[in-house]
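Spelled out from the first residue to the last, the chains are:
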Amino acid sequence: MNFKKNEKYASIAFYIFLTVCACAIVVFALVNLSTVWSFVKRSIVIFSPFTYGFIIAYLCNPIMLFYEKTLFSFKKAKKDMRKATRALSLTLAMLTAFALIAIMLYAVIPQIIESYEELGNQLNNYIRNVQALADNFVKEYSSKLVGTQYYTLTELLSAYDISFSFEKILTYSYSILTIGADYLINYGGKIVGGVKNLLIGIIIAVYFLGSKEKLIAQVKKVFNAILSRRNYLNLIRLGRFTNKTFGGFLIGKI
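What you see is a predicted model; the values in this text were computed from it and never measured.

Rules used in this analysis
- Residues numbered from 1 in each chain as written.
- Predicted model: local features only at pLDDT ≥ 70, side-chain atom pairs only at ≥ 80, totals over all residues.
- Heavy atoms only, no water.
- Patch = residues over 30% accessible without salt bridge, like charges linked within 9 Å, V, L, I, M, F, W, Y side chains within 5 Å.
- Areas by Shrake-Rupley, 256 points an atom, 1.4 Å probe, with all protein chains shown as cover.
- Salt bridge = Lys/Arg side-chain N within 4 Å of Asp/Glu carboxyl O.
- Helix = DSSP H or I, 4+ residues; strand = E, 2+ residues; numbered from the N terminus.
- Buried < 20%, exposed > 50% of the residue type's maximum accessible area, 1.4 Å probe, protein only.
- Phe/Tyr/Trp six-rings, centres within 6.5 Å; stacked < 30°, edge-to-face > 60°.
- Core = buried A, V, L, I, M, F, W, Y, C linked by side-chain atoms within 4.5 Å.
- Contact = heavy atoms within 4.5 Å.
- Disulfide = S-S within 2.5 Å.

Draft legend 1. Up close: a nonpolar patch on the surface. On the surface, Leu95, Phe98, Leu100, Ile101, Met104, Leu105, Ile109 and Ile113 cluster together into a nonpolar patch covering about 740 Å² of accessible area. Note on placement: Leu95 falls in helix 3 (residues 82-121). Residue classification places Leu95 among the exposed positions, given a relative accessible area of 51%.

If you want it as structure tokens, here you go:
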């Protein structure tokens, strides 16, 4: 008995199969939510170096292109020099990125430490200034607002059985900042793990930048194989538009 292949019904059956599989995956995820969430967190930790690598490569790519199109543009005609041009541009791009980060850290971190120390040294002055400002406001406007003349905020609040202290509030706020700083210091192990992933990400970023044309071509082949021609072209247009818009905005902000 011969069966003729029907493309229409084959496509319908294929999409029904995909729908059933998707529903089964969703039901399984809902039933085993804790297990799935644990798997997702482990996956994020495992793939974090690749995420860092992609982000670093994406940010350094404009710098590398700048060096390729300006500093080494005279070597474009020589095919045997393309690899050397890419290696030199990539090296300069990474050094430029590290230099920019070092300059920002050198400028920002001392200012943060100085501001933190200044806040602690001037806390009592801030308390007195805020208290004096509040007392002056009460002395000037209390008779108009509540119909009785009061000379200090404490006097006004005491008349309405309200307990309030600027000193306690500001001191408590500063203690929260101190506890937060201690928390960051005590849990430095997580920072060390993040630095390790970042270093691996830098290595991955170098590979991405050095072989970006080949990697992009391979990704395009995969999408061209699994998508229709129309959807493939729409995806390419969307990717280019997103890169142009988001990349320009991000690099401009940096």
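Once the structure has been displayed, the description carries forward.
Draft legend 2. Spotlight on the packing of aromatic side chains. Taken as a whole and judged by the stated rule, the model has 4 aromatic pairs. Here Phe47 and Phe50 contribute two aromatic rings whose centre-to-centre distance is 6.1 Å and whose plane-to-plane angle is 50°, an arrangement assigned as tilted. With Phe47 and Phe50 both in helix 2 (residues 33-71) and 3 residues apart, the pair spans about one turn of that helix. On the accessibility criterion, Phe50 (44% relative accessible area) is partly exposed. With 6.3 Å between their ring centres and 45° between their planes, Tyr207 and Phe208 make a pair best called tilted. Among the residues examined, Phe208 registers a relative accessible area of 22% and is labelled partly exposed.

Draft legend 3. Looking closely at the nonpolar core. Grouped together as the largest cluster of nonpolar side chains are 11 residues: Ile56, Ala57, Cys60, Met64, Leu90, Ala93, Met94, Ala97, Ile202, Ala205 and Leu209. Sequence-distant contacts of Ile202, defined by excluding residues within four places in its chain, comprise Ile56, Met94 and Phe98.

Draft legend 4. Local environment of the state of the cysteines. This model, assessed by the stated rule, comprises 0 disulfides. With no disulfide partner, Cys23 has as its closest neighbouring cysteine sulfur the one in Cys21, 9.4 Å distant. Classification of Cys23 as partly exposed rests on a relative accessible area of 44%.

The values reported here are purely geometric and, on their own, carry no functional implication.
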